[in-house]
Amino acid sequence: MKKNISIAILFTFLNALTSCVDHRKNFFVEGIYSGFNSYNSSESCHLVVSKIDKDEYILCNGRNAVEDLVGKNYFLLSFYVYDEGGSKKAIDFFNLVDAHKGSKGAPVTYVDENFIYIKPLFTGGKNASDSACYVIESNYELKQQHFYFTLFISEENITYV
Amino acid sequence: MSNLLILANLLPLLLSNQQSSFSKLLSKTSDSEIQMAESNSINGWEEYYLYLGTKENKNNSKGKNNGGSGSVSDSITNVSEYLNNSYSEYYWIKDNSSCGLTSNVSNNIPIEMQSSDFPESDIQRAIQVANVSNYTSYGGCGPIAAMGVLDYFARYLGYNEIISDPTDSDKRVILATEVLTRTHFSIFGGVDNTLVWPWDYKSCFNSVINLHGLSNVISANEQWTLFGGQGNNYWNAVVANIDSGLPVTLFTGLACGDGNFSQHYTNIYGYETWVGYGNNNETITKKFIKARLNWGWDYCFYYCDADILNCGQIGIITYNLNYSHSYSFEANDFDCFVNNDGGGQYFFYNINKSFYLPNGMLLQTQRLRTSYIENQYLVLSPNRANAGTAYLDITFQHHVPYLSFSASLWSGQEGIFGESFKIQYWDSGWINHVEIDLNSLSRLKDYPDDFIVLLPKNTSRIRFIAEHNSPSGNRNKGRICLDNFEVKYN
């Protein structure tokens, strides 16, 4: 009996010690989003996020597809950058994975094999304002396409794909 | 099953280190908390968490109808809405006399880390360069907060020794690497949930400062409580530091719920006080801190109920700016700002005047519509027909990173509608720095308000400037009195 009580207390203590707050509350939401490059305001972008099923995700073979680790869904991403003259360039994501390797200490960010990061900002409105929707940034070492886009819901009703 | 895995992982640690680790934690706290632990027979983690658990249940439930998860650590984006939802029986008004921002003093607030100012990709590069990926996958909120404060000192206060160009990604990576390589990551954290204790944060911060030769100028200090109940002390420390233009870093542990401010380091840069008026003329006061969450969320402002400062397992890191020299001067040191007859006069043209203070310091001044009046007051007067601008421009023999002074309106009838009052500094041209709200400035010239201004540290020329956008009349109005100057420098 005494042993059982000790184990119960130990479990209580362990739960307290290890029940860390999960700051991974941010998830993908379907829609069309747009934003400007913080490092070059003449560059704009559009992101189209479409929900797909697991089979479609597998068929994408890692290209422009992401497994939402918080919302537990799969999404197809279409990301376009427009330069000052309006020329459109598609930027592909390849094999997006969790940049934080499962850490609960910060909101989840996804990174692809070219070090392009995408972070959804939706949290369901419970803890943060969802005025902004996504951040997409490139590693500075990719100097040819150095960008930091904060994307909002697109006000234009345009089909980009 | 997951509990069994946790148990399997932690049991060796607990069996070997439990008592000694708790003793170490206890040794970092105050004598009164050590006595408290003794009087409550808290000798180890088990008793400690049982105590905190009981206390947490009492402290963390919030007002009714709060609309959130009900945790004291919830982030709040709209204080008015929050108060009206949580305490709907009161009518809420912000007490502007008990609010503050670092930008009131330095014209700036710390950057939001992981925004475009200091993006996550930089931190990820630094994790690789520092070779700490076995300790943290995202950098840890403590080290990231430290980077944000170091950036504040460099970017806004001119301490370029820390980082010569905060807009250069490579240099940011170097700074982040310096922080990460000097961080002691606690054994209780791990790559999945980085934990850095406040005293280790302080050591890291001061080590980086020392690396850049600034240990005599900038320093960090930490306060930490195991059991909580330090809300008033921490609030007072926050207010004092914000009013001095310096952010405060808040560490929160396991005892403050599950909101965004829980188990996190945030950089506090402001505080607000709100007063609620009830139907029976009773009033209540609610206080809030305003902080950077440092998750790249720079599209919103985030507050937290200041009750969080009363929780257990909380720490604050405050920062000091130290100066080796200081001196004061007063309005009557400007007694040469008179006309040829020795009387006060607001000239409509610029006048150069250099003079020595009693301590031998030279002030080189230029002034417009500024004079020494009634053998007592140093006054700027922009509101008069054909005027519109009044200034006092002072060049010092040395840098002026710190300036304090007092100011008031001459009276309550100065015609200040359309008038502004700013402090500028010279950097290849006049740069607007801090603006003082004339509507809240004292109207009693013998009881002026006090102000502190932190300037980029290589500043040596400053200007008080008052401008009126529709000057009129044939009397000198819009008058602002200045006095009780103090400068500090190294």
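Calculation criteria
Residues numbered from 1 in each chain as written. Chains lettered and ligands numbered in written order. Predicted model: local features only at pLDDT ≥ 70, side-chain atom pairs only at ≥ 80, totals over all residues. Heavy atoms only, no water. Helix = DSSP H or I, 4+ residues; strand = E, 2+ residues; numbered from the N terminus. Buried < 20%, exposed > 50% of the residue type's maximum accessible area, 1.4 Å probe, protein only. Contact = heavy atoms within 4.5 Å. pLDDT = per-residue confidence, 0-100. Expected span 1.5 Å × (residues − 1). Core = buried A, V, L, I, M, F, W, Y, C linked by side-chain atoms within 4.5 Å. Polar contact = N/O pair within 3.5 Å; in protein donor to acceptor, adjacent residues only side chain to side chain. Pairing = 2+ DSSP bridges. Axes fitted to C-alpha atoms, helices over the stretch in contact; angles between N-to-C directions. Salt bridge = Lys/Arg side-chain N within 4 Å of Asp/Glu carboxyl O.

### Points about the overall build of chain A
Per the secondary structure count, chain A includes two helices and 10 strands. Mapped in sequence order, the helices and strands of chain A form the string α-β-β-α-β-β-β-β-β-β-β-β. Residue burial in chain A is summarised as follows: out of 161 residues, 47% are buried. Expressed as a percentage of contacts within chain A between residues at least 6 apart in sequence, the contacts between residues at least 24 apart total 52%.

### Describing the confidence of the model for chain B
Residue and element names in this part refer to chain B. In the predicted model, chain B carries a mean pLDDT of 91, and the fraction of residues at 70 or more is 91%. Confidence over residues 1-18 falls short of pLDDT 50; this stretch has 19 contacts with residues more than four positions distant or in other chains. Long-range and interchain partners of residues 61-68, a stretch whose pLDDT sits below 50, account for 17 contacts in this model, where long-range means more than four residues apart. Among the prediction metrics, the complex's ipTM stands at 0.85, with pTM recorded as 0.90.

### Notes on helix α7 (residues 141-155) of chain B
Counted at 1.5 Å a residue, the expected span for α7(B) with its 15 residues is 21 Å, and the 20 Å between its end C-alpha atoms agrees. In terms of burial, α7(B) is a largely internal element, 14 of the 15 residues being buried.

### As for the nonpolar core
All names here are of chain B. The biggest cluster of nonpolar side chains holds 66 residues, and the ones touching the most others in it are F153, Y159, I162, Y201, F205, I218 and L321. For this core, the secondary structure elements donating two or more residues are α1 (2-27), α3 (45-59), α6 (120-130), α7, α8 (169-181), α9 (198-211), β3 (218-225) and β8 (314-321). With 10 residues, the single largest contributor to this core is α7. If near-sequence neighbours (up to four positions away) are discounted, I218 is found in contact with F153, Y159, I162, F205, I209, N320 and L321.

### Observations regarding the side chain of A:R24
Residue and element names in this part refer to chain A. Relative to the helices and strands, R24 resides in the loop between α1 (2-18) and β1 (31-37). In this structure R24 comes out as buried when scored by relative accessible area, which is 12%. Only 3.2 Å separates the side chain of R24 from the backbone oxygen of S103, close enough to count as a polar contact. Excluding residues within four positions of it along the chain, R24 makes contact with L69, V70, D98, H100, G102, S103, K104, A106, P107 and V108.

### Section: the sheet that holds strand β14 (residues 389-395) of chain B
Residue and element names in this part refer to chain B. Ordered in space as β10-β11-β14-β19-β16-β17, the six strands form an open sheet in which the pairing is antiparallel. Two strands in the sheet have a free side with no partner beyond their single neighbour: β10 (351-356) and β17 (430-436). Averaged over all pairs of adjacent strands, the angle between strand axes in this sheet comes to 20°, irrespective of strand direction.

### Re the confidence of the model for chain A
Residues and elements named next belong to chain A. Residues with a pLDDT of 70 or more make up 78% of chain A, whose mean pLDDT is 83. Overall, residues 6-18 carries pLDDT values under 50, and its contacts beyond four positions in sequence, including any with other chains, amount to 25 contacts. Here residues 157-161 is modelled with pLDDT under 50, and outside its nearest four sequence neighbours on either side it reaches 10 contacts, counting other chains as well.

### Thoughts on unusual backbone geometry
With a phi angle near 60°, A:F115 is a residue other than glycine that sits in the positive phi range. Inspection of the secondary structure assignment puts A:F115 in the loop between β7 (110-111) and β8 (116-120). Taking the relative accessible area as the measure of exposure, A:F115 reaches 45% and is therefore partly exposed. The phi dihedral of B:N107 is positive, around 70°, even though this residue is not glycine. In this structure, B:N107 sits in the loop between α5 (103-106) and α6.

### Concerning the pairing of β8(B)
Residue and element names in this part refer to chain B. Summarising burial for β8: seven of the eight residues are buried, a large majority. As paired elements, β3 and β8 share eight bridges and run antiparallel to each other. Considered in β8, the bridge of Q223 is made with I316. When strand β4 (residues 248-252) meets β8, the two strands line up antiparallel, connected through four bridges. Each bridged residue has a counterpart across the sheet, and for L250 the counterpart in β8 is I316.

### Points about the pattern of salt bridges
Applying the stated criterion to the full structure yields 14 salt bridges over all chains. Its salt-bridge partner being A:R24, residue A:D98 comes within 3.0 Å of it at the nearest N-O pair. With A:D98 in strand β6 (residues 97-98) and A:R24 in the loop between α1 and β1, this residue pair connects regions lying 74 residues apart in the sequence. Between B:K457 and B:E161 there is a salt bridge, and its shortest N-O distance comes to 3.1 Å. Of this pair, B:K457 sits in the loop between β18 (449-454) and β19 (461-468) while B:E161 sits in the loop between α7 and α8; the two residues are 296 residues apart in sequence, bridging distant segments of the chain. Residue class for B:K457 comes out buried when judged on its relative accessible area of 17%. Through salt bridges with shared partners, one network takes in B:K286, B:D305 and B:D307.

### Details of the environment of B:P471
Residue and element names in this part refer to chain B. By secondary structure assignment, the location of P471 is in the loop between β19 and β20 (480-489). For the pair P471 and T389, spaced 82 residues apart in sequence, the C-alpha separation works out to 8.8 Å. Apart from residues no more than four positions distant in its own chain, P471 is found in contact with P382, N383, R384, A385, A387 and G388.

### Considerations on helix α10 (residues 231-243) of chain B
Given a rise of 1.5 Å per residue, 13 residues ought to cover 18 Å, and the 18 Å separating the end C-alpha atoms of α10(B) matches this to within 8%. One or two positions beyond α10(B), positive phi appears at B:G245, with a value near 85°.

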